[in-house]
Amino acid sequence: MALLIKTDIDRGDAWAEALAANYPELKVYSWPYDGDPAAIDYALVWQPPEGELKRYPNLKAVFSVGAGVDHLASDPDLPEGVPVVRMVEPGLTAGMSEYVVWAVMNHHRFMLDYAAQRREKVWEELLQLPAEARQVGMLGLGVLGRDALEKLKPFGFRLAGWSRSPKSISGVTCFHGIGGFDEFLAGTDILVCLLPLTPETEGILNAEAFAKLPAGAAVINVGRGGHLVEKDLLEALDSDQISGATLDVFQQEPLPEDHPFWEHPRVFMTPHIASMTVPETAVRAVVANIQRLEAGEALQHVVDMKRGY
Ligand code: NDP
Ligand code: OXD
C-alpha cells in the first residue's frame, strides 16, 4: 500500500518518520512523484496543483493536511467519487485554542492600545473590564470553535456561537442559520471567525455584519482570508465601529507588501500560523482512518464536498 504526501512547511523528516513509526507497511512517497501513478492508494496533501490528484487512478481517499478543504474544493478536476477527509487531530485543535484565547485576551486587555501607548512613550492605565462584561461570539461551532469556547470558559466571558444547524452547548448561547445571525452579532463584543470557507460563508465578515455588532467590537479572523471583506474592515476601523482586529488569514497570502494592514495601528497580524497540523499526532489520525477503510469500515471526517466542509 502506498501514500503520496505533499505538505506546505518543510518539517524535515517528521511526517515520514511518524508514518514509518505508526504504519511500517505503508510505502510513503513525497511529492513531486515520478513513479507509477497507479501505485498510489492514498494522498495526504496541502494545496496540490489543480489537476494533480486526477493523475492517480487508484486513489482510495484524499486526506487534507489541514482542517480546511477549500484548497481541494477549488480544484475543478478533483477526482469524483474519491472521499476527501479533513484533518481532525488533537495538536491542531490545541494550537487553535491557544491562539484564540490569546487573541481574545489581546482585545479584552486593550493590548493594541498599550502597544500604541508604548510607541508614543505614554504611561497610562486604561480602565479594565471584567471578563463577564464581554461576550465572545464564535462563528462556527465545529471541532475548533467548540474547543476554543471550552478553553475560554474558565475566564468568565459570556459565550455565544453560530452554526448552520441548531446546537446545544452548556454555557454557550447558540444561534444558527441566517435567522439567528443578527441576534448573534448584536450581543457580540469580540467576534471570532472559525468557519470553513464555502460559497455561503465567503465575505461573511463585511460592512453589514460589522454594523450589526455593538460599536467598538473586536474582530478575530482565523478562518480564511476569503471570509473577510478587507476594505470593509478598514472602513469600520476608521469609523471606530470596530476597535481592533487580529488577523491570521488574508485574501492574498503572503500579504502583499503594499497592503494597508501592515501599517494599521489597530490590526494585529500573523502569517497564517494560528494553528498547524502536528505530524506526530496527525499521523495517528490518518493511519487509524486508513486502517478503518482497509478493514471495510467507514472513514471518519469525510467532507461533504457539495456543502464544502
Ligand atoms: P468543522 O467542519 O468542524 O466546523 C465548521 C463549523 O462551521 C460547523 O459548526 C458548521 O455548522 C459551521 N458552518 C459551516 N457553514 C456554515 C454556514 N453557512 N452558516 C453557519 N455555520 C456554518 O471545521 P473546523 O472547526 O475543524 O475548522 C474550521 C475552519 O478553521 C477550517 O475550515 C479552516 O478554514 C480554519 N482553520 C484555520 C487555521 C489557521 O491556522 N488559521 C487552522 C485550522 C483551521 P454545523 O455544525 O451546523 O455543520
Ligand atoms: C488548516 C489551516 O485548515 O492550517 O488546517 O489553515
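Residues numbered from 1 in each chain as written. Chains lettered and ligands numbered in written order. Predicted model: local features only at pLDDT ≥ 70, side-chain atom pairs only at ≥ 80, totals over all residues. Heavy atoms only, no water.

(A) Layout of the environment of Asp 304. Within the element layout of this structure, Asp 304 appears in the segment after helix H9 (279-294). On the basis of relative accessible area, Asp 304 is assigned to the partly exposed category, the value being 36%. Along the sequence, Asp 304 and Val 85 sit 219 residues apart, while their C-alpha atoms lie 9.3 Å from each other. (Helix = DSSP H or I, 4+ residues; strand = E, 2+ residues; numbered from the N terminus. Buried < 20%, exposed > 50% of the residue type's maximum accessible area, 1.4 Å probe, protein only.)

(B) Seen up close, a negative patch on the surface. There is a patch of like negative charges on the surface, built from Asp 10, Asp 13, Glu 17 and Glu 280. Take Glu 280: it is sitting in helix H9. (Patch = residues over 30% accessible without salt bridge, like charges linked within 9 Å, V, L, I, M, F, W, Y side chains within 5 Å. Areas by Shrake-Rupley, 256 points an atom, 1.4 Å probe, with all protein chains shown as cover. Salt bridge = Lys/Arg side-chain N within 4 Å of Asp/Glu carboxyl O. Lys, Arg positive; Asp, Glu negative; His and termini not counted. Charge placed at Lys NZ, Arg CZ, Asp CG, Glu CD.)

(C) A look at the domain arrangement of the protein chain. Looking at the assigned domains, one finds that the protein chain contains domain 1 (2-89 + 277-294) and domain 2 (93-269). Computed from C-alpha coordinates alone, the two centres of domain 1 and domain 2 are separated by 32 Å. Each partner contributes residues to the interface: domain 1 has seven residues there, and domain 2 has five residues. Both faces combined, the contact of domain 1 with domain 2 buries some 430 Å², and carbon together with sulfur accounts for 48% of it. (Domains from an automatic or database assignment. Contact = heavy atoms within 4.5 Å. Buried area = accessible area lost by both parts, 1.4 Å probe.)

(D) Representation of the pattern of salt bridges in the model. Across all of its chains, the model carries 13 salt bridges by this definition. For the salt bridge of Asp 70 with Arg 224, the shortest nitrogen-to-oxygen distance reads 2.9 Å. Taken as a pair, Asp 70 in helix H2 (residues 70-73) and Arg 224 in the loop between strand E10 (217-221) and helix H8 (230-238) lie far apart in primary sequence, 154 residues in all. This pair shows no difference in class: Asp 70 is buried, exactly as Arg 224 is. The partner of Lys 151 in a salt bridge is Asp 147, and the shortest N-O contact between them spans 2.8 Å. Highlighted residues: Lys 151 and Asp 147, both in helix H5 (residues 143-152), separated by four residues, approximately one helical turn. Linked through salt bridges whose partners overlap, the residues forming this network are Asp 41, Lys 60 and Glu 294.

(E) How the structure looks around the site of ligand 1. With respect to spatial proximity, 28 residues lie near ligand 1, and among them Leu 141, Ser 165, Lys 167, Asp 248 and Tyr 309 are the closest. Between ligand 1 and the protein, one listed contact pairs an oxygen atom with a side-chain N or O atom of Ser 165 at 2.5 Å. Lys 167 has a polar side-chain atom sitting 2.7 Å from an oxygen atom of ligand 1. Protein chains shield 93% of the accessible area of ligand 1, which is 950 Å² for the free molecule. (Near = heavy atom within 4 Å. Polar contact = N/O pair within 3.5 Å; in protein donor to acceptor, adjacent residues only side chain to side chain.)

(F) Seen up close, a nonpolar patch on the surface. Taken together, the side chains of Ile 9, Ile 273 and Met 276 make up a nonpolar region of the molecular surface, amounting to roughly 210 Å² of accessible area. Along the chain, the position of Ile 273 falls in the loop between strand E12 (267-269) and H9. Take Ile 273: its relative accessible area is 31%, and that puts it in the partly exposed class.

(G) Representation of the packing of helix H1 (residues 14-22) against H9 in the model. The contact between H1 and H9 brings their axes to 9 Å, and the two run at 45°. By the angle between their directions, the pair H1 and H9 is classed as oblique. Where H1 crosses over H9, the two elements pack in a sense that is right-handed. Across the interface between the two elements, Ala 14, Trp 15, Ala 18, Leu 19 and Asn 22 of H1 pack against Pro 279, Glu 280, Ala 282, Val 283, Arg 284 and Val 287 of H9. Among the residues forming the contact of H1 with H9, the class breakdown is eight nonpolar, one polar and two charged. (Axes fitted to C-alpha atoms, helices over the stretch in contact; angles between N-to-C directions. Parallel < 35°, antiparallel > 145°, perpendicular 65-115°, else oblique. Left-handed = near helix turned anticlockwise from the far one by under 90°. Nonpolar A, V, L, I, M, F, W, Y, C, P; charged D, E, K, R; others polar.)

(H) Main features of the sheet that holds E12. With parallel pairing, seven strands are arranged side by side in an open sheet as E8-E7-E6-E9-E10-E11-E12. Each of the sheet's edge strands pairs with one partner strand only, and the pair in question is strand E8 (173-176) and E12. When the angles between neighbouring strand axes are averaged without regard to direction, this sheet yields 15°. Across the sheet, helix H3 (residues 90-108) lies against strand E6 (135-139), strand E9 (190-193), E10, strand E11 (242-247) and E12, angled at about 155° from E11, the strand it touches most. Of the strands in this sheet, E6 and strand E7 (158-163) touch H5, which is tilted by about 165° from E6. (Pairing = 2+ DSSP bridges.)

(I) Quick peek at H1. Those residues of H1 that fall on the buried side of the exposure criterion are Ala 14, Trp 15, Ala 18 and Leu 19. For H1, the arc enclosing every buried residue in end-on projection is 125°, short of the 170-degree limit, so these residues lie on one face. Exposed residues pointing more than 90 degrees away from the buried face of H1 are listed as Glu 17 and Ala 21. (Arc of directions from axis to C-beta.)

(J) Representation of the site of ligand 2 in the model. Surrounding ligand 2, one finds Trp 46, Gly 66, Ala 67, Gly 68, Arg 224, His 272 and Ser 275. A distance of 2.7 Å separates an oxygen atom of ligand 2 from a polar atom in the side chain of Arg 224. Here His 272 contributes a side-chain N or O atom positioned 2.6 Å from an oxygen atom of ligand 2. Looking at side-chain class alone, the shell around ligand 2 contains two nonpolar, four polar and one charged residues.

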